[in-house]
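# Observations on the three-dimensional arrangement
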Amino acid sequence: GGSRHGGGGGGGGYLTSTLTATAQTYSLVVGAGGVGVEGSGTIGTNGSNTSAFGLTSIGGGAGGSFDSSTIAQPTSGGSGGGCGYFSNTVAAGTSGQGNAGGAHSMSNTYVNGGGGGGKGAVGGTAAGNQSGDGGAGLQFGDGYYYSGGGGAGTWTAGYAGDGGIGGGGGGNAYSGYSGAVGTGGGSARNSGGAGTVLYNNSTLTPGGAGGANTGGGGGSADQSGYSNYRGVGGNGGSGIVIIRYAA
């Protein structure tokens, strides 16, 4: 997820296929989730790709941050990261794998970012006192949802975005206002983490992490790189390869 006034991280790419396997060695690569950062005008990393049987799922995009410069814009990925406050470029998802991140809300009253995209839906756009929720993931045949987007944090008296169903992490909120942190996205193999309340006491405070082995995006920080506020974007969830076969 994004750092200062950031957008949620995008969910990892989601692909399914069928094939006829032969007796041989196959190489499977499970990608790590993106890593969130602390500070203003900077973003975390995209998630790493996951590959198997000739298919490659693209890692989720990073959420944007509090700056209009190029380096603070959200990035494209399997699903795109959400816009931070002042970052103004919506990040696309990869065709067939995910969706775009959500837009921010420019307001003198509320400081809210957009949610990261998910496999099943685009990231939520911030509106009024509500930061963008992470886009929903998609259900697989095992009954779980995967690749939910991360929710965006809120700095003012608003409500942080919830992580998308399928392992998205929730966004942070500040202790000095009457807002609320975002919840983690459930219905997943491992649910996304909830956001955290930030205090002005130099304590590192990460957004909610994406659920392990779900490809869920991380939730964003609210304030960072200012005074003693040390919000950190939440890390994304790692990928997974699921093999189903006829008995």
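Residues numbered from 1 in each chain as written. Predicted model: local features only at pLDDT ≥ 70, side-chain atom pairs only at ≥ 80, totals over all residues. Heavy atoms only, no water.

### So, the nonpolar core
- Ranked by size, the top nonpolar core spans seven residues in total: F66, Y85, V111, W155, Y174, L198 and Y229.
- Residue contacts for Y174: discarding those within four places in its chain leaves T154, W155, V197, L198, D222 and Y229. (Core = buried A, V, L, I, M, F, W, Y, C linked by side-chain atoms within 4.5 Å. Buried < 20%, exposed > 50% of the residue type's maximum accessible area, 1.4 Å probe, protein only. Contact = heavy atoms within 4.5 Å.)

### Here's the deal with the packing of aromatic side chains
- Scanning the entire structure with this criterion turns up nine aromatic pairs.
- A network of ring pairs unites the aromatic residues W155, Y174, Y177 and Y229 as a single cluster. (Phe/Tyr/Trp six-rings, centres within 6.5 Å; stacked < 30°, edge-to-face > 60°.)

### Focus on the pattern of salt bridges
- Under the counting rule described, the total for this entry stands at two salt bridges.
- Residues R230 and E38 are paired through a salt bridge, measuring 2.8 Å at the closest nitrogen-oxygen approach. Placement of the pair is R230 in strand β9 (residues 229-232) and E38 in the segment before β1 (50-52), with a sequence separation of 192 residues.
- The exposure class assigned to R230 is partly exposed, which follows from its relative accessible area of 29%.
- Its relative accessible area of 31% is what places E38 among the partly exposed residues.
- D142 is the salt-bridge partner of R189, the closest N and O atoms lying 2.9 Å from each other. Linking R189 in the loop between β5 (173-174) and β6 (197-198) with D142 in the loop between β3 (138-139) and β4 (145-146), this pair joins segments that are 47 residues apart in sequence.
- When its relative accessible area of 36% is taken as the criterion, R189 is described as partly exposed.
- Looking at D142, the relative accessible area reads 29%, which means it is partly exposed. (Salt bridge = Lys/Arg side-chain N within 4 Å of Asp/Glu carboxyl O. Helix = DSSP H or I, 4+ residues; strand = E, 2+ residues; numbered from the N terminus.)

### Overview of unusual backbone geometry
- One non-glycine residue, S147, adopts positive backbone phi at about 65°.
- Among the structural elements, S147 can be located in the loop between β4 and β5.
- Here N213, not a glycine, exhibits a phi torsion of approximately 55°, which is positive.
- Secondary-structure assignment places N213 in the loop between β7 (205-206) and β8 (224-226).

### Description of the pairing of β9
- Of the strand pairs in this sheet, β7 and β9 are connected by two bridges, and their pairing is parallel. Paired with T205 across the strands is G231, a residue of β9.
- Taken together, the two bridges between β8 and β9 define a ladder with antiparallel strand orientation. Looking across to β9, one finds that Y226 is bridged to Y229.
- The antiparallel pairing of β8 with β9 creates a hairpin that spans two residues between the two strands, and S227 there sits at a positive phi of about 50°. (Pairing = 2+ DSSP bridges.)

### Looking at the environment of N46
- Within the secondary structure, N46 is located in the segment before β1.
- For N46, a relative accessible area of 31% gives the class partly exposed.
- Leave out the neighbours within four places in its chain, and N46 touches G34, G60, G61, A62, T75, S76 and G77.
- At a separation of 3.3 Å, a polar atom in the side chain of N46 contacts the main-chain amide nitrogen of A62.
- Of the polar contacts made by the side chain of N46, one reaches the side chain of T75; its length is 2.5 Å. (Polar contact = N/O pair within 3.5 Å; in protein donor to acceptor, adjacent residues only side chain to side chain.)

### Topic: the side chain of Q97
- Counting through the fold element by element, Q97 comes out in the loop between β2 (55-57) and β3.
- Other than its neighbours up to four places away in sequence, Q97 contacts G12, G13, Y14, L15, T56, S57, I58, G78 and K119.

### With respect to the environment of T154
- Secondary-structure assignment places T154 in the loop between β4 and β5.
- On the basis of relative accessible area, T154 is assigned to the buried category, the value being 0%.
- Dropping the residues within four chain positions of it, T154 is found in contact with V111, N112, S131, Y159, A160, N172, A173, Y174, A180 and D222.
- A polar atom in the side chain of T154 sits 2.7 Å from the side chain of N112.

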